[in-house]
Amino acid sequence: MAPAGVALLPSEPAGVLPLRTAGVCGFAAELFWRGGEAPPGPLLPAGPGGGARLRLLEESEMPGGRRLCGEVWALDRRALAAALEEALRALVTAASLCGALAEVEVVREEEPREADARSLRRLRRDLLSAGFRAREVPHCWSVASGGDVWVGTRGGEELAAFLRGHPAWEVV
């Protein structure tokens, strides 16, 4: 039998086995004001609703304009799409209310993912039989770009080494 793929999540505690990981979409916008005068303060709300998260990096280093870069995270496609739409709608509304020209670019980075149930049970069993802690959680906000299952490794270097050497698992 071919080894199953397992992705290591260094931002999650060692032994955490999420059933679902977040998806993320990135966006960038450049806003230019005719008079060259950008309004003070943030242009976007603090964050979207509906169980999504928004991380915003705002730079105002362009002459006569401002560049905004952000990421939206959510645990399912529908929430990800809704949160991205909310952020972009707020951005365009802010631009129109303060007389700015907006250029927006959206980049889809990773889909929300659901663990393979069979592989997850096998991983949990292998970890427990080797003496590691293994605990399933409904979700995590980490983004997983590969693997059939995922495991937190923060503070668990021995756990990561165990998986790298295990014939049933391929660390991706």
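Quick note: structure is the one above.
Rules used in this analysis
- Residues numbered from 1 in each chain as written.
- Predicted model: local features only at pLDDT ≥ 70, side-chain atom pairs only at ≥ 80, totals over all residues.
- Heavy atoms only, no water.
- Salt bridge = Lys/Arg side-chain N within 4 Å of Asp/Glu carboxyl O.
- Helix = DSSP H or I, 4+ residues; strand = E, 2+ residues; numbered from the N terminus.
- Buried < 20%, exposed > 50% of the residue type's maximum accessible area, 1.4 Å probe, protein only.
- Pairing = 2+ DSSP bridges.
- Axes fitted to C-alpha atoms, helices over the stretch in contact; angles between N-to-C directions.
- Contact = heavy atoms within 4.5 Å.
- Disulfide = S-S within 2.5 Å.
- Phe/Tyr/Trp six-rings, centres within 6.5 Å; stacked < 30°, edge-to-face > 60°.

Colleague: Run through the pattern of salt bridges, naming residues and quoting values.
Modeller: Going through the model one piece at a time under the given rule, you end up with seven salt bridges. A salt bridge links Arg67 to Glu30, with the shortest nitrogen-to-oxygen separation between them at 3.2 Å. Remark: Glu30 occurs in strand S3 (residues 20–33) and Arg67 occurs in strand S5 (residues 65–74); sequence separation between them is 37 residues. With a closest N to O distance of 2.9 Å, Arg108 and Glu111 form a salt bridge. Assessed through its relative accessible area of 48%, Arg108 is described here as partly exposed. Taking the relative accessible area as the measure of exposure, Glu111 reaches 28% and is therefore partly exposed. Taken together, the shared-partner salt bridges in this structure form one network comprising Arg77, Arg108 and Glu111.

Colleague: Describe the sheet that holds strand S10 (residues 149–154), and please don't skip the residues or the numbers.
Modeller: The sheet built from three strands is open, its strands ordered S10-S1-S11 with parallel pairing. The open sheet terminates on both sides in strands that have one partner only, identified here as S10 and strand S11 (169–171). Strand after strand, the sheet turns through a mean of 45 degrees between neighbouring axes, direction not considered. When strand S1 (residues 4–13) meets S11, the two strands line up parallel, connected through three bridges. Note that in S11 the partner of Val6 across the bridge is Val171. Helix-sheet contacts for helix H2 (residues 117–129) involve S1, S10 and S11, and the interaxial angle to S10 is about 35 degrees. Most of the contacts of helix H3 (residues 157–165) go to S10, to which it runs at about 140 degrees, and overall it touches S1, S10 and S11.

Colleague: Give me the lowdown on the environment of Val106, citing residues and values where you can.
Modeller: Take Val106: it is sitting in strand S6 (residues 100–110). On the basis of relative accessibility, which here comes to 41%, the residue Val106 falls in the partly exposed class. Along the backbone, Val106 and Ala29 are 77 residues apart, and their C-alpha atoms lie at a distance of 8.7 Å. For Val106, the contacting residues outside a window of four places in its chain are Gly26, Phe27, Leu84 and Leu88.

Colleague: Before we move on, can you summarise the state of the cysteines with the specific residues and values?
Modeller: Tallied over the entire structure, the rule returns zero disulfides. You can see Cys98 has no disulfide; the closest cysteine sulfur is in Cys69, sitting 17 Å from it. For Cys140, which is in no disulfide, the shortest distance to another cysteine sulfur is to Cys25 and amounts to 17 Å.

Colleague: Account for the packing of aromatic side chains, naming residues and giving values.
Modeller: All chains considered together, the criterion is met by one aromatic pair. Taken together, a centroid distance of 5.3 Å and an interplanar angle of 45 degrees make the contact between Phe132 and Phe162 tilted. A residue pair is termed long-range when its members are at least 10 positions apart, and Phe132 in the loop between H2 and strand S8 (135–137) and Phe162 in helix H3 qualify at 30 residues. Of the residues examined, Phe132 reaches a relative accessible area of 18% and is grouped as buried.

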